[in-house]
Structure formats: structure tokens, C-alpha cells
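# Coordinate analysis (summary)
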Amino acid sequence: MLLLRCVHSLSRISPRSVQRYQVAPALATCGLHRCSGDQRSYQRAQSPSWTYALTGLLAGTGAVLAYGLQHHKGQQAKTSEVQTTEKISAFPIFSQEEVTKHRSLEDGMWVTYRGSVYDITEFVAMHPGGDKILLAAGGALEPFWALYAVHNQEHVLEILSTYKIGELSAEDVKKQQTVKSSDPYSSDPERHPVLHVNSLKPFNAEPPPEILSDSYITPSAFFFKRNHFPVPQVDPASYRLHVEGLPGGTLTLSLEELKTRFPKHTVTATLQCAGNRRSEMNEVKQVKGLNWGIAAISNATWGGVKLRDVLLAAGYRPDVAQWALHVQFEGLDKDMTGTNYGASIPLNKAVSEEGDVLLAYEMNGEDLPADHGFPVRVVVPGVVGARNVKWLGKIIVSAEESSSHWQQNDYKGFSPGTDWDTVDFKSAPAIQELPIQSAITTPEDGTVIDRDREEITVKGYAWSGGGREVIRVDVSLDGGKTWHVAQLRSSDEGKAPDPSPPLGKAWAWKLWEITAPLPAEIKELEIVCKAVDNSYNMQPDTVPPIWNLRGVLSNAWHRVKVKIREDLSGE
Ligand SMILES: Nc1nc2c(c(=O)[nH]1)N[C@H]1C(S)=C(S)[C@@H](COP(=O)(O)O)O[C@H]1N2
Ligand SMILES: [Mo]
């Protein structure tokens with residue numbers, strides 16, 4: 001029985017690594033010096049922390065997974081002693097590239113944690129059904145650890161150490177960006193391999209949808225990333241933000257001044273790319289753009305200063321509104337010709353007390369990650385991702401919108417009848433507030449479930465632009481014939497639910513969930529969701545009437561098909 005197997009036997013260290021990487025013989029027989037030999041102790045162990053350690057899942061098998069726990073008790077000193085020795089003498093060094101190759105049962109499944117490399121292949125093989133552990137494979141455990149809020153971390157660490165096969169190369173640990181090459185993307189930051197990459201250079205990626213509904217606040221590592229150019233490397237010490245166009249002349253602020261001269265505010269806001277769910281438009285008729293699934297949307301808590309406060313310090317007064325209509329933003333990232341990314345928002349959104357527009361230097365309580373605009377980005381709650389300019393270099397108060405390509409000739413909606421021969425970009429306004437949106441994050445399209453389950457749980461997200469609050473999500477299991485009302489939440493389970501946001505300031509999404517009986521005598525479910533906001537805006541039921549040549553604003557009812565496998569147990 002697998003359960004009774006000594007986890008430190010030779011096979012635990014993985015014959016694969018022994019052959020390939022010449023693990024020192026002393027290590028390969030670590031079972032002898034580390035195991036108590038009392039195999040029954042594995043059965044007695046109760047804590048499910050192991051489960052949650054490696055991404056929290058493998059639902060229901062928690063107790064089983066704790067089998068490695070017991071024998072570590074009382075051996076702590078010895079274990080750390082052994083580890084120290086091993087660090088110096090025995091463990092091979094692996095590059096991140098090598099680790100990333102190990103993402104399947106066939107190739108082996110490796111993860112890294114605090115600079116060490118672990119081969120968890122056997123663990124995964126012994127516990128099929130743990131989808132989420134597959135997500136961590138090939139990459140770092142840290143963000144999953146945070147996402148699935150492991151309690152008992154000490155114990156988990158000890159157990160994890162029994163799966164250790166090597167050290168991550170010092171270079172990769174430091175994520176040194178000393179790569180000298182002509183590739184302008186060579187200094188882009190590391191990214192978590194769980195992300196579905198739509199384009200590598202520039203980097204555009206979205207998380208697996210189920211991750212979105214697992215955490216109200218999306219961990220930064222999993223937050224969708226949408227870059228048009230290489231990530232600029234900005235030295236925080238020499239960083240300067242320029243504010244232009246106001247009567248007082250140009251105001252220049254260092255990062256330090258930005259942080260100390262203005263009060264800090266935090267805002268939890270959802271960002272969504274205009275192209276979220278574009279792939280569904282592509283299925284109707286080809287569109288131009290990155291083929292985003294349903295996860296070009298994420299939710300974070302942003303910390304920074306109010307754009308309003310900075311504009312006031314730069315000389316903004318109400319009479320400025322007599323001639324100025326827009327606030328333009330310029331990023332420090334640029335294309336090969338030296339053109340910076342840029343966009344603008346209406347002046348009234350920028351200066352409104354209620355607008356909550358931030359110049360953010362923090363994301364989820366930490367410095368902004370490089371991919372998300374370090375050291376400063378604009379966060380325009382309720383407004384399309386494209387206006388949330390990252391790596392902010394310049395703010396310009398102006399009578400004109402940004403003249404950038406992204407403001408003028410992109411991110412606009414058109415009739416389904418408009419094609420590339422007839423399109424006139426001047427004829428449509430730039431997208432600002434986004435329409436009502438919702439999607440099903442789990443189950444995934446094409447899932448097969450057993451009839452004997454009797455119930456099905458469906459989860460997803462819902463959000464509306466302009467601070468409009470989602471007030472209801474309807475879910476159907478039969479393609480829209482009958483409907484259930486989903487349960488909404490604005491925080492993580494277990495935490496006290498947030499009070500409703502003030503009217504017009506619902507910047508963050510709601511996660512929703514419903515568990516409903518499986519309809520009898522249906523072989524395939526067509527699960528549908530649609531959300532309603534507090535202006536009673538609703539999603540259109542199908543894609544064709546909202547199809548547009550750039551594939552933006554894709555917000556039709558989301559549909560997912562699930563097959564039901566009939567119970568064969570009687571046969
Ligand atoms: N400077 C700069 N800002 C930018 C972009 C960019 O490429 N450069 N992309 C925009 C787009 S289209 C989106 S959807 C969001 C994505 O933000 P994220 O990568 O933090 O998710 O950033 C916006 N801000
Ligand atoms: Mo975007």
C-alpha cells in the first residue's frame with residue numbers, strides 16, 4: 001500500500017535524479033538516516049497541512065498527505081544538520097530553465113521554494129485528482145503558498161525538504177538581470193510558469209481561470225500581464241515624475257517626494273483588459289488582437305497617492321476645467337522608434353474626490369512588481385486597463401486627449417458591420433468605463449463529471465465599469481431555460497464580508513458561486529452566467545451582435561459545457 005511506503009526510501013529521491021544528476025550516494029540513501037522506520041506513524045499523522053502546502057488542493061486527501069509529518073517530530077535538529085551538510089556537498093544546481101522543463105508526470109514535476117528545488121513527481125503520482133498541484137509545477141511555490149494560506153508552514157517545510165533534489169542556481173535566485181544581449185526583452189522579469197502566455201515578447205499572459213476565483217485579491221504573480229513593449233528598468237533613486245500643463249509650470253517629483261508629500265490611500269480595484277474574452281469573438285469571425293481567454297482581468301489592492309492631490313499640488317484649480325478636458329499619461333516603456341506608451345482619461349475623473357484615481361506605488365502591500373509598472377503606475381478604478389498607465393513618467397493636463405496610437409487608433413468599439421476597409425477610428429470614442437461583465441471560472445469547458453455527484457458547484461467573477469456595483473449573477477445549467485441566483489462575495493471566505501461600497505464606487509469585482517442539483521436526464525450541461533449591475537445593465541446573450549473587428553468589449557453570457565458520465569457501478 002502506497003500509504004505505508006517509506007517516503008525516504010531510495011525511490012523517494014527519485015531514480016531519475018540519481019541517474020541524471022549523480023546525486024551523491026549518501027544522499028540517495030537518506031531514507032536510512034532520516035526515517036524512523038515506524039511506518040505506522042505515517043498513518044497516524046492527522047494534519048492536512050501538507051495538502052495545502054503544495055497549493056492547497058487534492059481535496060479530501062489531506063489526511064493521507066500528512067504521512068510524512070510524524071517522523072519528523074523530534075528529529076528537527078538532525079534534519080537541519082543534515083540539510084546544512086547537503087547544501088554544501090551533495091545537491092546539484094539547477095537553472096530555472098531546467099526546473100521549468102519539469103511540468104508533467106512524464107518529465108517529472110519540480111517546484112522551487114526559497115532557492116531549493118524539489119521533485120514532487122511521486123507525490124503527485126500517488127495523489128491523482130490534485131489539479132492545482134499541477135499548476136505549481138515548473139515554478140515557484142511561494143505565490144501558491146500565499147494564495148492558499150498555509151497554516152502550519154514549519155511542518156510543511158520539513159516535509160517539503162524530504163523531496164529536495166537540488167539548489168536553484170544563484171543567478172536565478174537573485175534573478176540577476178545582467179544578461180547582456182541585443183534582445184530588448186532580455187531584462188524582462190521572471191514570470192510564473194502557470195500563466196498562459198499569449199505573447200512572450202512583449203509579455204502578455206493570463207492565469208488559469210480557477211485561480212481567479214480562489215482568491216478575492218489576485219496574488220500579483222498571477223495577476224494578468226499586458227505589456228506592449230519590453231519592461232523598462234527604472235532606478236527608483238533617479239526616478240522622476242513630471243506633471244505638466246498647469247498654471248504653476250512643471251512639477252517634478254521623486255519617488256520619495258511622492259511617498260512623503262502626499263497622504264497614502266489604498267483602493268481595491270479590478271483591472272480588465274479591453275480584449276478580455278476576445279477568443280470568443282474569434283470563434284464567430286476572425287478579429288485582430290491577442291487571443292485572450294476569460295482571465296485578462298484581476299483584482300488587487302493598490303496603494304499610492306491620489307492623482308487629485310498631486311494635480312492640486314501642481315497648481316490645478318477649478319478654473320483649469322474651463323480649458324482642460326483630459327489628463328494624459330506617458331509610460332517610460334517605448335517601442336523601437338522611441339515612442340512611449342500613452343493614454344488619457346477625462347479631467348473630471350482625474351480630479352474628482354470620488355474618482356479614486358491613484359498614482360500607485362504598491363500592489364497588494366508590496367512595491368509594484370516590474371511587470372505591473374514599478375515604481376509608479378496609474379490606477380483608474382472602473383476604467384479599461386489600457387488607461388492604467390504603468391511605469392508612469394509624465395502627466396499632462398490638456399485640452400486634448402492623448403495623441404497616442406492606443407487612445408486614437410485602438411481600444412475603440414465598432415459595429416459588427418464595420419470591417420478594416422470601412423473603419424474610421426475617429427468616429428468612435430476611446431473606451432473608458434467598461435460594460436458589465438461576468439464569466440465562469442470553474443468548471444472548465446469540456447469537463448466530464450459523474451452522475452452520482454448529484455450536485456455541481458459553479459464559480460466565477462462579475463464586475464462592471466464606472467463603479468457600478470454588481471447586484472446579481474444569474475446562472476443556468478440548461479443553456480438559459482431555467483435560472484438560479486448565485487451567491488456573491490466581496491472578500492475571502494472566513495473574512496467578514498465588506499459592507500457594500502459607496503454608491504458609484506464599486507471598483508472591485510464580486511466572486512460568485514452556486515451549488516445546484518444536477519438536472520435529471522441530461523447528458524450535457526450548458527452552464528451559463530450573466531450579471532446585472534446597479535443600473536440594471538445586463539450582458540448580451542450572444543457574441544455575434546457585439547462582434548467588432550478589434551475584438552474588444554466581449555461580454556456576452558459566458559457558456560461552458562460539461563458532460564455527465566452516467567453511473568456505471570451497477571454493471
Ligand atoms: N506603460 C504602459 N502602461 C500600460 C500598458 C503598457 O503596455 N505600457 N498596457 C496597458 C493595458 S492594455 C492594460 S490591459 C493594463 C494591464 O495592466 P497589468 O499588466 O498590470 O495587468 O496596463 C495598461 N498600461
Ligand atoms: Mo489592455
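Residues numbered from 1 in each chain as written. Chains lettered and ligands numbered in written order. Predicted model: local features only at pLDDT ≥ 70, side-chain atom pairs only at ≥ 80, totals over all residues. Heavy atoms only, no water.

### What about the packing of aromatic side chains?
This model, assessed by the stated rule, comprises ten aromatic pairs. Aromatic side chains F224 and W292 sit 6.2 Å apart centroid to centroid with 85° between the ring planes, which places their arrangement in the edge-to-face category. Taken together, the residues span a long stretch of sequence, with F224 in the loop between α14 (209–214) and β8 (225–226) and W292 in the loop between α16 (278–284) and β12 (297–306) at a distance of 68 residues. Given a relative accessible area of 6%, F224 falls into the buried group. Ring geometry for W420 against F425: centres 6.3 Å apart, planes inclined by 40°, an arrangement best described as tilted. The structure contains a cluster of three or more aromatic residues connected by ring pairs, namely F223, F224, W292 and W302. Positioned above the aromatic ring of F91, the side-chain terminus of K164 is 4.8 Å from the ring centre. Between K288 and the ring centre of W420, over which it is positioned, the NZ or CZ distance is 4.3 Å. (Phe/Tyr/Trp six-rings, centres within 6.5 Å; stacked < 30°, edge-to-face > 60°. Helix = DSSP H or I, 4+ residues; strand = E, 2+ residues; numbered from the N terminus. Buried < 20%, exposed > 50% of the residue type's maximum accessible area, 1.4 Å probe, protein only. Lys NZ or Arg CZ within 6 Å of the ring centre and 35° of its normal.)

### Topic: a nonpolar patch on the surface
Together, I471, Y536 and M538 line one region of the surface with nonpolar side chains, adding up to about 320 Å² of accessible area. Within the fold, Y536 resides in the loop between β26 (524–533) and β27 (558–565). Looking at Y536, the relative accessible area reads 55%, which means it is exposed. (Patch = residues over 30% accessible without salt bridge, like charges linked within 9 Å, V, L, I, M, F, W, Y side chains within 5 Å. Areas by Shrake-Rupley, 256 points an atom, 1.4 Å probe, with all protein chains shown as cover. Salt bridge = Lys/Arg side-chain N within 4 Å of Asp/Glu carboxyl O.)

### Let's talk about the environment of I440
Relative to the assigned elements, I440 resides in strand β19 (residues 437–442). The sequence separation of I440 and R559 amounts to 119 residues, and the corresponding C-alpha distance is 7.6 Å. With near-sequence residues (within four places) excluded, I440 lies in contact with I294, V458, K459, G460, W512, I527, V528, C529, H558 and V560. (Contact = heavy atoms within 4.5 Å.)

### A closer look at unusual backbone geometry
A cis amide bond, omega 0°, links K201 with the succeeding residue P202. Note that P202 resides in the loop between β6 (196–199) and β7 (204–206). With phi around 45°, R114 is a residue other than glycine that occupies positive phi space. Relative to the helices and strands, R114 resides in the loop between β3 (108–113) and β4 (116–119). What makes R114 exposed here is its relative accessible area of 58%.

### Comments concerning the site of ligand 1
Near ligand 1, the surroundings consist of 20 residues, among which F224, D333, H372, R377 and K390 are the closest. Contacts to ligand 1 include N388, whose backbone N or O atom sits 3.0 Å from a nitrogen atom. For ligand 1, whose accessible area on its own is 530 Å², the fraction buried by protein is 100%. Using a 2 Å cut-off from the grid points, one finds that ligand 1 occupies the largest cavity. (Near = heavy atom within 4 Å. Polar contact = N/O pair within 3.5 Å; in protein donor to acceptor, adjacent residues only side chain to side chain. 1 Å grid on protein atoms, 1.4 Å probe; cavity = no way out; pocket = protein on both sides within 12 Å on 5 of 7 lines; lining within 4 Å. Sits in = over half its atoms within 2 Å of the grid points.)

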